Structure formats: C-alpha cells, structure tokens
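Chain residues, written in single-letter form:
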Amino acid sequence: MLNLGRMLGAGIYSVPGVILNSVGSIGLLFTFWLLAPLFAFAGLMVYSEYASMFPKRSGAEVVYLEQAYPRPQFFVPVMFAVTSVLLSFSATNSIVFAQYALTIFDVPITPARQTTIALAVCAVGVGFVALSTKWSLRAVNFLTGLKVLSLVFLVFTGALVLGGFTHIRDPFANFRSPFSGSTTNPNSLATALVKTNFAFAGWNNAFNVIGEVQTRDPVRTVRKASLLSLILITCLFFFVNVAYVAAVPKDEISNSGQLIAALFFQRVFGEGFAAKTLPTMVALSCFGNIIAVTVGQTRVLREIARQGLLPYPRFFASTKPFGTPLAPVCLKYFLTVLVIVGLPAGDAFNFLLDLASYPNLVFGAATAIGLWLLRRRRMLAGIAPSKYRAGNIYVSLFLLSTIFLLIMPWVPPEPGHGDVSFWYATYCVVGLGILVLCGFYYWLWIVVLPRLGGYTVVEEVEQLEGGALTARLTRKYHSSVDNGEQQPLIGSI
C-alpha cells in the first residue's frame, strides 16, 4: 500500500497528452508506458541488493549512498537532505486540481484563476496535515479509494468503447499506423520518459521503512510487495492509456495539456452528469495526493531536522501544539507558494515536474555506480555476495536510464514540441544549481561553522524500537580548559 498510495497520483490523469505531444505517435506513447516500469524494475533489483546489505536501516537511497560514498564525511546525507527540503513543494498536484476544478464548472482557465485555486487547495490540504494526523490519514484512505475506483472505471469504460458499446464511431482509428509521426529527437524522448517516470514515482517507497518491517526476511517481503504493486500499476496505467487513445482523436490528446481525463469523459459521456462527476473524482484524487505527500514529506523534513542537518533543529522537530510537524508543514507551503507564484501559469506544471526529477537523477546514477563500489569492498573484505544480488544488466539499465535523462534534455527540441515556452534546458540549469547550493550548504554547515565555533560534527547512531537504526549529527565541542591532565606526569629534567 505504501507504493500504491504514492504511485496513484495525478500523473496518469495529466501527462499522457504531454507525452504524445513530445513523441508524436501513439506507438511511442505506449512504448514509453512500458519502458518506465522496466527501468523501475531494474531500480527495484538494485534497491533489493542494497537493502540486503543494510536490512535494519530505514531511509533507502540516503543510507545506500552514505555507505557507498563515505568520503567526504556526511556529504551525501547533507546533500540529500537539503535537496529534499528545496524540492518539497506540492505545486504539481495543486495545479492539476485547479485546472480540473475550473473545467468541471466550465470556467475558462486563466493564469490568475489557476494560481489562486492552486494556492487555496494546497492551503486546505496542508492545513489538514497541520491540524490532525488522524484525520489526514482518514482523508488519504478515503481519497485513495476514489483513485482506484476512477482508474478501474476508466479501464472499464475504455473496454466498452473498444467493444462498440458507446457512441464513439471508430475506436480503432488511432491504432492504425501507430508509429506514424514518431520523433527521434533526444530531447523529446527524454521529456516523455521524465513524464512517465513521474507517474511511476513511488515504486521504491516501501524501502524507506524496511528497518521497521517485522518479518523473518524483510528484504524478501518488501521486494515482493514492491514488485506486485509495480505490476498492478503498470497494467492499470497501460490500459487507461488504451482507453484515452480509443476515445479521443490523436490531435486532441496532443493538445490536451493536463486535461486528458476530462477530455476523455466529455468525448464518451458528452456534457451530462458523468462528464462532471468523474473529473470531480480526479480533482479529489489530486487533493488526496496533496495530503498524502504532505504527510510523508513533512515527516521526512522533521527527521532531517532531528538528525541535525538543518538549522534550528528543535523548532523544525517540534510537534507542538497539535501533535503534528507544524514547522515543516509551514515550510512546505511557503515553498509551494514561491514556485507557483514565481512561474508562468502555463509552464508551471511541466517545469516543476521536470525540475523535481533532475537532481534525483544524479542521485540515481550515483546509486547504481555505488552498488559496484560496495560489491568490490565487500569482496575484498571476504564478505559473501548477497542472495538478492542484482544482475549487472539491471544495474546497467538503471544507470543508463539516468544518464540518458541527464544528458538528452540539453539537446534542442523540435519546433512545436518544447516542454515550456522559455529556454528548454532551464530546469537542468536550476536542478544543477540546487545541487551546487547543497554543496555550499555542506561546506558552510560541516566545515566552516565548526571551525569558527570550536566544535566537530560527529555522528551518533541510535537504535529504535524493533531494532531499526537511525543516525543523528551532533556537535562535539573542543575543550579549551587546561586542567593539568594533559601535562606529563614527570617533568623534564
């Protein structure tokens, strides 16, 4: 459920039109909805081997990178923590909610309206989390149910369309000559893969809590659950795309932006009750995702603060007055407001989605390479290979996918297929800038301030209930008092 709840977000309702506009053909659209889970499966194999090496450490990627790259000390956890803070906005789901809400009420989508509604719905969502964890989780459970129902209904409706039980006259029109219009432009292909990867984000979520899994073989449990959830989501997403293609003409899909689901319901049901009700379910699903992501990310931010990786750790780690991480909630909302207001409304969704992916691709490439480094160290230390050893083909596939997405967005896109209205590689520059900023923060927080303050940053490992381990950075001040204990017992003669 951890993986399902994370993957069942706004992606499947918002990105198929953008993907088709990038790749140019129905055949490539379906190809990318199969490639993304293939790369996710390769990543799952990599994570499984890492998890078998450190089965009692929760935290997944940050733990694996810390073990693979122990020098410079604390560099990886600080970089990962600050990146998580800077990218902890909920803008994409808020924007999709705003667009669907305006469409439901037949109100033209304008930048001002989209921005206002996006900020308002995000405020309500994070407000839930700020006031009550119990009611937040209840809302998430209810709205996750709506997500599943809406996807199942989409697949069922697509089957009716293909079977000729609706007024769609030629449901197989888009399936003829499926690769007609395909592009070979690397930028367009990278854009499509970024969008499909966004829809599958969360395939590794269960590895974050593996240290708390109480079974005889936690790695096997998490690996099996992750694989089953990935297979289920792959099938659902693929057949939802089949439904879209069966009901909506190709040109309309390409120009639908984030509103492909609303367009699908209008084509199948006209302007009646169903055409309004089902997009409402999509909007509510986006709202549920805002709450779910806020619940998870604010606790990550609180843990980052508790581990000593942020200034004012007591303030950000506090759960007063409502028993919720109020300070991280406020920080998250501030970042969301900043990015929504600071970007052109028409480009905000695509840019923020791309931006959130880019720094994580660097960490992904480092994770794949780090596995080979750890294997070599363990072999030299005489440690037997893991029984969950990932084949080199999976490690290579995972690495190549990240390298492809890091390099190809720098290639100019074809005219009319750009992701945003401004310079196409802006998100790459900003993403790299975030990593540089994280490096500066590390140098300031771990190197400069300790020298000026007369202390050293050290790591303390704590054991939680159930045996899980967690680390915390603390200050160890240098003693400046000479009490005579450092003097030799017998003076020189």
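Cut-offs and rules
- Residues numbered from 1 in each chain as written.
- Predicted model: local features only at pLDDT ≥ 70, side-chain atom pairs only at ≥ 80, totals over all residues.
- Heavy atoms only, no water.
- Helix = DSSP H or I, 4+ residues; strand = E, 2+ residues; numbered from the N terminus.
- Rg over C-alpha atoms; globule rule 2.2 N^0.38 Å.
- Buried < 20%, exposed > 50% of the residue type's maximum accessible area, 1.4 Å probe, protein only.
- Contact = heavy atoms within 4.5 Å.
- Areas by Shrake-Rupley, 256 points an atom, 1.4 Å probe, with all protein chains shown as cover.
- Lys, Arg positive; Asp, Glu negative; His and termini not counted.
- Charge placed at Lys NZ, Arg CZ, Asp CG, Glu CD.
- Salt bridge = Lys/Arg side-chain N within 4 Å of Asp/Glu carboxyl O.
- Polar contact = N/O pair within 3.5 Å; in protein donor to acceptor, adjacent residues only side chain to side chain.
- Axes fitted to C-alpha atoms, helices over the stretch in contact; angles between N-to-C directions.
- Parallel < 35°, antiparallel > 145°, perpendicular 65-115°, else oblique.
- Nonpolar A, V, L, I, M, F, W, Y, C, P; charged D, E, K, R; others polar.
- Expected span 1.5 Å × (residues − 1).
- Patch = residues over 30% accessible without salt bridge, like charges linked within 9 Å, V, L, I, M, F, W, Y side chains within 5 Å.
- Phe/Tyr/Trp six-rings, centres within 6.5 Å; stacked < 30°, edge-to-face > 60°.
- pLDDT = per-residue confidence, 0-100.

Undergrad: Could you clarify how one ought to interpret the overall build of the chain in this entry?
TA: Assigned secondary structure in the chain consists of 19 helices and two strands. The C-alpha radius of gyration computed for the chain amounts to 24 Å, which stays within 12% of the reference 23 Å derived for 493 residues, consistent with globular compactness. Taking the principal axes of the C-alpha coordinates as reference, the chain spans close to 105 × 50 × 45 Å. A burial count over the chain gives 52% of its 493 residues as buried. The contacts in the chain between residues at least 6 apart in sequence include a share of 77% that link residues at least 24 apart. Accessible area of the chain: about 22500 Å², with a carbon and sulfur share of 66%. Taking the 34 positively charged and 21 negatively charged side chains of the chain as two groups, their mean positions are separated by 6 Å.

Undergrad: Help me understand the pattern of salt bridges in this model?
TA: For the coordinates displayed, the defined rule picks out five salt bridges. Between Asp354 and Lys195 there is a salt bridge; the shortest N-O distance is 2.8 Å. Pair noted here: Asp354 is in helix α17 (residues 345-380) and Lys195 is in helix α10 (residues 186-199), with a separation of 159 residues, a long-range link. Accessibility assignment for this pair places Asp354 and Lys195 in one class, buried.

Undergrad: Teacher, can you tell me more about the side chain of Thr336 here?
TA: Of note, Thr336 is situated in helix α16 (residues 326-342). Taking relative accessible area as the criterion, Thr336 reaches 0% and is therefore assigned buried. Within the structure, Thr336 has its side chain in polar contact with the backbone nitrogen of Ser90 (distance 3.0 Å). Apart from residues lying up to four places away in sequence, Thr336 is in contact with Phe89, Ser90, Ala91 and Cys122.

Undergrad: Looking at this model, I keep getting lost on the side chain of Lys332. Mind explaining?
TA: Summarising the element assignment, Lys332 is placed in helix α16. Contact partners of Lys332, with chain neighbours within four places excluded, come to Ser88, Phe89, Ser90, Val293, Thr294, Gln297 and Thr298.

Undergrad: Just checking my understanding: could you explain the packing of helix α8 (residues 111-131) against α16 for this structure?
TA: The interhelical angle for the contact between α8 and α16, taken along N-to-C directions, is 170°, at an axis separation of 10 Å. Judged by the inter-axis angle, α8 sits roughly antiparallel to α16. Of the residues in α16, those in contact with Thr115, Ala118, Leu119, Cys122, Ala123, Val126, Val129 and Ala130 of α8 are Leu326, Val329, Tyr333, Thr336, Val337, Ile340 and Val341. Of the residues belonging to the contact of α8 with α16, the class tally is 13 nonpolar, two polar and no charged.

Undergrad: How do you make sense of helix α9 (residues 133-162) when you look at a structure like this?
TA: Note: α-helices contain 3.6 residues per turn, so residues at a spacing of three or four share the same orientation. The terminal C-alpha atoms of α9, which comprises 30 residues, lie 43 Å apart, in line with the 44 Å expected from a rise of 1.5 Å per residue. One or two residues past the end of α9 sits Gly164, with phi positive at roughly 80°.

Undergrad: Got a minute to help me understand a nonpolar patch on the surface in this structure?
TA: On the surface, a nonpolar cluster with roughly 490 Å² of combined accessible area is contributed by Phe153, Phe156, Leu160, Phe165 and Phe269. It is α9 that contributes the most residues to the nonpolar patch, three residues altogether. Phe156 sits in the exposed class, given a relative accessible area of 51%.

Undergrad: Looking at this model, I keep getting lost on the environment of Leu44. Mind explaining?
TA: When you line up the elements, Leu44 lands in helix α4 (residues 26-53). In this structure Leu44 comes out as buried when scored by relative accessible area, which is 0%. Sequence separation of Leu44 and Phe207 is 163 residues, and the distance between their C-alpha atoms is 9.4 Å. Contacts of Leu44, omitting those with residues within four sequence positions, involve Trp203, Phe207, Arg223, Ser226 and Leu227.

Undergrad: Explain helix α13 (residues 260-269) here, please?
TA: Counting buried residues in α13 gives seven out of 10 residues, a clear majority hidden from the surface. Phi turns positive one or two residues past the end of α13, at Gly270, with a value near 70°.

Undergrad: Looking at this model, I keep getting lost on the packing of aromatic side chains. Mind explaining?
TA: Each pair of aromatic rings is reported with the distance of its centres and the angle of its planes. Under the counting rule described, the total for this entry stands at 26 aromatic pairs. Each ring, one from Trp203 and one from Phe398, has its centre 6.5 Å from the other, and the planes form 85°; the classification is edge-to-face. Of this pair, Trp203 sits in the loop between α10 and α11 (218-247) while Phe398 sits in helix α18 (residues 392-407); the two residues are 195 residues apart in sequence, bridging distant segments of the chain. Note on accessibility: Trp203 and Phe398 belong to one class, buried. When the centroid spacing of 6.4 Å and the interplanar angle of 65° are considered together, the rings of Trp410 and Trp423 count as edge-to-face. A residue pair is termed long-range when its members are at least 10 positions apart, and Trp410 in the loop between α18 and α19 (426-453) and Trp423 in the loop between α18 and α19 qualify at 13 residues. Here Trp423 falls in the partly exposed class, since its relative accessible area comes to 45%.

Undergrad: Quick question: what am I supposed to make of the environment of Leu232 here?
TA: As for its placement among the helices and strands, Leu232 is situated in helix α11. Separated by 191 residues in the primary sequence, Leu232 and Phe41 have C-alpha atoms spaced 13 Å apart.

Undergrad: So what exactly am I meant to see when it comes to unusual backbone geometry here?
TA: Most peptide bonds take the trans form, and the phi angle of most residues other than glycine is negative. Following Arg71, the chain continues into Pro72 via a peptide bond in cis, with omega recorded as -5°. Looking at the element boundaries, Pro72 is found in the loop between α5 (61-68) and α6 (75-86). The backbone of Phe74 sits at a positive phi, close to 70°, despite the residue not being glycine. Relative to the helices and strands, Phe74 is located in the loop between α5 and α6. Owing to a relative accessible area of 6%, Phe74 belongs among the buried residues under this scheme. The backbone phi angle of Asp106 is positive, close to 55°, even though this residue is not glycine.

Undergrad: Is there a simple way to think about the confidence of the model for the chain in this case?
TA: In low-pLDDT segments, the atomic positions of the prediction should not be examined closely. A residue-level look at the chain finds 91% of positions with pLDDT of 70 or above and a mean pLDDT of 84. Summarising per-element confidence for the chain, the mean pLDDT is lowest in helix α1 (residues 2-7) (64) and highest in α18 (94). In the predicted structure, residues 484-493 sits below a pLDDT of 50 and forms one contact with residues beyond four places in sequence or in another chain.

Undergrad: Could you clarify how one ought to interpret the environment of Glu252 in this entry?
TA: Checked against the element boundaries, Glu252 lands in helix α12 (residues 250-254). A C-alpha to C-alpha distance of 25 Å links Glu252 and Pro412, two positions 160 residues apart in sequence. Once residues lying within four places of it in the same chain are set aside, the contact partners of Glu252 are Leu263 and Arg267.

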